[in-house]
Amino acid sequence: MREEPLRMLAGAVASALAKAVDTDLWADLRARVAAVLAPTLFDLVSAHLDEARGRVVGAPAVRLELARAEFTTEWRGSIHTMLWQHPEAAGPLRAVLHAVSPALPRVAGESGVVQHSGAHHSGAHHSGAHHSGTHHSGARDPGVHPAGWPAGFR
């Protein structure tokens with residue numbers, strides 16, 4: 001599969017997760033994304049997503065949109081890496097997005113968070129913004145991962 005569709009899908013999934021962090025959609029969306037991306041590492045991926053969610057929901061209201069944007073950037077790269085390693089997950093991940101997209105909240109575009117436009121392009125939502133697929137992992141050395149954690153995945 002070509003890289004750009006995987007990059008767009010990763011951005012759409014990360015954006016959907018960022019929009020859902022403080023809604024009742026979070027648990028279901030997190031579980032569905034983790035199950036598709038890393039079924040053998042479901043608990044580990046779920047825990048890392050919940051940890052990242054905690055940083056967003058714990059942010060002061062004035063930083064909430066920035067925290068969502070940081071979450072999106074961080075997870076876009078990780079999701080892209082997993083999709084690159086397992087491109088067969090793209091179809092099921094598109095199905096997850098398609099199923100949850102009508103219920104996702106809309107967010108303002110000022111923060112750089114990918115907009116939910118309601119339009120489907122190959123099953124992925126995209127606002128036309130280009131994403132590099134890079135991510136920031138904080139102080140963690142990108143070459144060091146918990147036991148069993150796929151290389152390149154946060």
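It should be emphasised that the depicted structure is a prediction, and the values quoted were computed from it without experimental measurement.

1. Concerning the overall build of the protein
Looking only at helices and strands, the protein features 5 helices and 0 strands. Counted from the first residue to the last, the protein has its helices and strands arranged as α-α-α-α-α. Looking at the 154 residues of the protein, the share that counts as buried comes to 45%. Within the protein, contacts between residues separated by at least 24 positions form 72% of all contacts whose residues are at least 6 apart in sequence.

2. Let's talk about the packing of helix α1 (residues 3-20) against helix α5 (residues 90-100)
Closest axis-to-axis distance for the α1/α5 pair is 11 Å, and the angle between their directions is 35°. Considering the relative orientation of α1 and α5, their crossing is left-handed. Here α1 contributes P5, L6, L9, A12, V13 and A16 to the contact with α5, which in turn contributes A90, L93, R94 and L97. Class assignment for the residues of the contact of α1 with α5 results in 9 nonpolar, no polar and 1 charged.

3. Some points on the environment of R2
Tracing the backbone through its elements, the reader meets R2 in the segment before α1. Note on R2: relative accessible area 65%, which makes it exposed. Considered as a pair, R2 and P87 are 85 residues apart in the sequence and their alpha carbons are 9.5 Å apart.

4. Let's talk about helix α3 (residues 42-57)
Look at α3: 22 Å from first C-alpha to last across 16 residues, which is about the 22 Å you get at 1.5 Å a residue. For α3, the set of buried residues is V45, S46, H48, L49, A52 and V56. Around the axis of α3, the buried residues are gathered within 165° of arc, so they sit on the same side. At its buried positions, α3 is contacted by α1, α2 (26-37) and α4 (64-85).

The rules we used
Residues numbered from 1 in each chain as written. Predicted model: local features only at pLDDT ≥ 70, side-chain atom pairs only at ≥ 80, totals over all residues. Heavy atoms only, no water. Helix = DSSP H or I, 4+ residues; strand = E, 2+ residues; numbered from the N terminus. Buried < 20%, exposed > 50% of the residue type's maximum accessible area, 1.4 Å probe, protein only. Contact = heavy atoms within 4.5 Å. Axes fitted to C-alpha atoms, helices over the stretch in contact; angles between N-to-C directions. Left-handed = near helix turned anticlockwise from the far one by under 90°. Nonpolar A, V, L, I, M, F, W, Y, C, P; charged D, E, K, R; others polar. Expected span 1.5 Å × (residues − 1). Arc of directions from axis to C-beta.

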